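Here is how the chains run, residue by residue.
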Amino acid sequence: MARYVLTRILRAIISIFIVVSLVVMIVFTLVPETRSFIGDQGYQKMKGNAKTVYYYSKLETLGYLDYVSANQITTGATVPDGDNLSPDEVKAQLDEDGYTLHELADEGNGSPGTIAYRYYNPLELVVNFYKRLIVIDSTNYIQDPNNPDLERGYRIERDYNGIPALVGSGTLHKYMIYVDSKFPFIHQNFITFNFGESFPTHQGVSTLDVISTGQGNLKNIEQTFPTGVTSSSPIDQHTLKYKFEPDHLDQQRFTDNYADAQLRYDSPSMIGTSYIFGVAALLLQYAIAIPFAVAMARRHGGWIDKVGIVYINLLISVPSLAFIFFMKYIGFAFGLPDRFPHLGFGDIRSYVMPVIVLALMGTPGLMMWVRRFMVDQSTADYVKFATAKGLTNKEISRRHILKNAIIPIVNGIPGSVILAISGAVITESVFSIPGMGKMLPDAIKAGNNNMVITLTFIFTTLAIVAVLLGDLLMTKVDPRISLAAKKKGGR
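Residues numbered from 1 in each chain as written. Predicted model: local features only at pLDDT ≥ 70, side-chain atom pairs only at ≥ 80, totals over all residues. Heavy atoms only, no water.

Caption draft 1: Layout of the overall build of the protein. Of regular secondary structure, the protein possesses 19 helices and 15 strands. Taking 23 Å as the expected radius of gyration for a compact globule of 491 residues, we find that the protein reaches 29 Å, considerably beyond that expectation. Taking the principal axes of its C-alpha atoms as reference, the protein extends roughly 100 × 65 × 55 Å. Counting across all 491 residues of the protein, residues that qualify as buried make up 42%. Counting only contacts in the protein whose residues sit at least 6 apart along the sequence, the fraction spanning at least 24 positions is 62%. Positive and negative side-chain charges of the protein, numbering 44 and 42 respectively, have mean locations separated by a distance of 20 Å. (Helix = DSSP H or I, 4+ residues; strand = E, 2+ residues; numbered from the N terminus. Rg over C-alpha atoms; globule rule 2.2 N^0.38 Å. Buried < 20%, exposed > 50% of the residue type's maximum accessible area, 1.4 Å probe, protein only. Contact = heavy atoms within 4.5 Å. Lys, Arg positive; Asp, Glu negative; His and termini not counted. Charge placed at Lys NZ, Arg CZ, Asp CG, Glu CD.)

Caption draft 2: Representation of the pairing of strand β5 (residues 153-158) within the structure. Pairing analysis gives six bridges linking β5 to strand β6 (residues 164-169), with the strands arranged antiparallel. Each bridged residue has a counterpart across the sheet, and for arginine 155 the counterpart in β6 is valine 167. Counting the residues in the hairpin turn of β5 and β6 gives five residues, including glycine 162, whose phi is positive at 80°. (Pairing = 2+ DSSP bridges.)

Caption draft 3: Region of the structure containing the packing of aromatic side chains. Counted under the stated rule, the structure contains 27 aromatic pairs. When the ring of phenylalanine 129 is compared with that of tyrosine 130, the centres are 5.0 Å apart and the planes differ by 80°; the resulting orientation is edge-to-face. Judged by relative accessible area, tyrosine 130 falls into the partly exposed class, the value being 24%. One Lys or Arg, arginine 118, reaches over the ring of tyrosine 99 and ends 5.7 Å from the middle of that ring. (Phe/Tyr/Trp six-rings, centres within 6.5 Å; stacked < 30°, edge-to-face > 60°. Lys NZ or Arg CZ within 6 Å of the ring centre and 35° of its normal.)

Caption draft 4: Region of the structure containing the sheet that holds β5. A sheet is described by the order of its strands in space; here four strands give the open sequence β5-β6-β7-β8, paired in antiparallel fashion. Both outer strands of the open sheet, β5 and β8 (186-188), are each paired with one neighbouring strand and no more. Across the sheet, the mean angle from the axis of one strand to that of its neighbour is 15°, orientation sign disregarded. (Axes fitted to C-alpha atoms, helices over the stretch in contact; angles between N-to-C directions.)

Caption draft 5: Region of the structure containing the sheet that holds strand β1 (residues 65-68). Reading across the sheet, the three strands line up as β1-β3-β2 and stay open at both edges, with antiparallel pairing between neighbours. Each edge of the open sheet is held by one strand with a lone partner, namely β1 and β2 (100-103). In this sheet, neighbouring strand axes are inclined to one another by 20° on average, regardless of whether the strands run parallel or antiparallel. Where β1 and strand β3 (residues 114-119) come together, four bridges link them in antiparallel fashion. Within the sheet, the bridge partner assigned to valine 68 lies in β3 and is alanine 116. In the packing of helix α3 (residues 48-62) onto the sheet, the strands contacted are β1, β2 and β3, and the crossing angle to β1 comes to about 135°. Against the sheet, helix α5 (residues 87-96) engages β1, β2 and β3, with an angle of about 135° to β2.

Caption draft 6: Layout of a nonpolar patch on the surface. On the surface, Leu10, Ile14, Phe17, Ile18, Leu22, Ile26 and Leu30 cluster together into a nonpolar patch covering about 690 Å² of accessible area. Position of leucine 10 among the secondary structure elements: in helix α1 (residues 2-29). (Patch = residues over 30% accessible without salt bridge, like charges linked within 9 Å, V, L, I, M, F, W, Y side chains within 5 Å. Areas by Shrake-Rupley, 256 points an atom, 1.4 Å probe, with all protein chains shown as cover. Salt bridge = Lys/Arg side-chain N within 4 Å of Asp/Glu carboxyl O.)

Caption draft 7: Representation of the packing of α1 against helix α6 (residues 122-133) within the structure. The interhelical angle for the contact between α1 and α6, taken along N-to-C directions, is 120°, at an axis separation of 9 Å. Of the possible angle classes, the one that applies to α1 and α6 is oblique. Viewed along their axes, α1 and α6 form a crossing whose handedness is right-handed. In this structure, α1 uses Ile16, Phe17, Val20, Ser21, Val24, Met25, Phe28 and Thr29 to contact α6, whose residues at the interface are Pro122, Leu125, Val126, Phe129 and Tyr130. Here the contact of α1 with α6 is built from residues that sort into eleven nonpolar, two polar and no charged. (Parallel < 35°, antiparallel > 145°, perpendicular 65-115°, else oblique. Left-handed = near helix turned anticlockwise from the far one by under 90°. Nonpolar A, V, L, I, M, F, W, Y, C, P; charged D, E, K, R; others polar.)

Caption draft 8: Representation of the nonpolar core. Formed by 40 residues in total, the largest nonpolar core has its most connected members in Val24, Tyr56, Ile211, Met436, Met439 and Ile453. With eight residues, the top contributor of residues to this core is helix α19 (residues 449-477). Excluding residues within four positions of it along the chain, isoleucine 211 makes contact with Ser269, Met270, Ile271, Met436, Met439, Met451, Leu455 and Ile458. Counting 23 residues, the second-largest nonpolar core is a separate cluster that includes Ala293, Ile312, Met367 and Val410. (Core = buried A, V, L, I, M, F, W, Y, C linked by side-chain atoms within 4.5 Å.)

Caption draft 9: Structural context of empty space enclosed by the protein. With the rule as written, the count across this model stands at one cavity of 30 Å³ or more. Together, Ser36, Leu62, Tyr64, Phe199, Gly447, Asn448, Asn449 and Asn450 line the largest cavity. The class makeup of the residues in the lining of the largest cavity is three nonpolar, five polar and no charged. (1 Å grid on protein atoms, 1.4 Å probe; cavity = no way out; pocket = protein on both sides within 12 Å on 5 of 7 lines; lining within 4 Å. Points joined across faces, edges and corners; volume = space filled by probe spheres on them.)

Caption draft 10: Broad picture of the pattern of salt bridges. Evaluated as defined, the whole model comprises nine salt bridges. For aspartate 236, the salt bridge identified is with arginine 264, shortest N-O distance 3.4 Å. Of the two residues, aspartate 236 sits in the loop between β12 (230-233) and β13 (241-242) while arginine 264 sits in the loop between β14 (258-260) and β15 (265-267), which places them 28 residues apart along the sequence. Judged by its relative accessible area of 14%, arginine 264 is buried. Across the salt bridge formed by aspartate 347 and arginine 349, the nearest N and O atoms sit 2.8 Å from each other. The class of aspartate 347 is buried, set by a relative accessible area of 18%.

Caption draft 11: Local environment of the side chain of histidine 238. Assignment of secondary structure puts histidine 238 in the loop between β12 and β13. The exposure class of histidine 238 is buried, given its relative accessible area of 2%. Side chain to side chain, histidine 238 and aspartate 159 meet in a polar contact 2.8 Å long. (Polar contact = N/O pair within 3.5 Å; in protein donor to acceptor, adjacent residues only side chain to side chain.)

Caption draft 12: Representation of the confidence of the model for the protein. For the protein, the average pLDDT comes to 86, and 92% of its residues sit at 70 or higher. Looking at the elements of the protein, mean pLDDT is at its lowest for helix α14 (residues 393-405), recorded as 69, and at its highest for β13, recorded as 96. (pLDDT = per-residue confidence, 0-100.)

Caption draft 13: A look at the pairing of β12. With four bridges connecting them, strand β11 (residues 221-224) and β12 associate as antiparallel partners. When the sheet's bridge partners are listed, threonine 224 is paired in β12 with threonine 230. Between the antiparallel neighbours β11 and β12 lie five residues, among them glycine 228 with a positive phi of about 100°.

This is the structure in structure tokens:
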């Protein structure tokens, strides 16, 4: 079994690599980069050289190309031994290396200068993506010329909650290992992921921070800072990073340069929001579908079976959007909000209709398969044997038929739970839920390439992990199932 799992993990890594690499090449080569600037209001207001310089420098930040500024050409900072070359010689070297030289317009304020850029080819795009993807934090990560005496090393100390934590110095993050009340409770910052910054939406914020940071209003908590100052603040000290230029307020709270932190919010993140709705709907879906399907199978051909079949056919045939709007108006008639923001995260009524809609939309398929498997199992030899022993139909159905019929369904449970994080596109759009469901289509529409790649990586990884966990769960439910390949000859 261990060998099988390792083989599946290796295949999963290869699959993720292929999918993500293809997406990287597609979004950076086939999608016009100008789309990313349509939603950039600052860019739309710029003119002349400032607009040109901003355009190419931003494309470098986003990973499209290598950009050389006019000042770098003048000083020769981008070519070997450039300080011994004249600007014209530097330009000739860049031209030889495949760079496009662009003469800036003369705007009457002196020499306009020349910039250069070179778009990365598909292979370079993929290599650059994976080079920056995994960030390994160490005591030599920070190189600050203004802080040459920076202490480097690790130490154990208590955090602001009084809980022991591993603290680093010279590292990007202050808290390398710490414990809190958030899943998975024990956290580390030695290895993190960097998918780049979000653009044009949420400019300057990493894509992972966009989807994982809380929403709503800032949440203040009483806490003690390293200087001994105690105050009510939304700062999350566990997220502290090195700040090259701490301001006056930072110096009042912190004793070193580790003063850059994320803030707390009173509402869940986009991932958390989708997961709350998804898991709640999944629990309700199983609570409705399985008992109903069992009753249909036990009374096969009876009135409850016929009603169930009508229900299944009705929900399958009705377009999802029409069903959601129909349920939305029913809920509104009973005083429930038709949009999530009307009452927000703090009111249970905001969750009722979206959860019911998501649950009901998932019941037809589950009911159909449970019923089908149970009907098929009802003619098996072990059922006849149990009947001969005098067991009632209810006992046979509950203790034998359902146990065997549920095995194929069990395979999909991990996927349903894990992929709840991806959200429901239509439902979240109709009810204006700030979750993950709309993130991918919105990112594609806005030309937010880094966000598209981030979500592709997350969803692909979760889907592959869900399939593996589903297979492993089946072996636990039914020990007769073996995933490992048997050797020839029965050995």
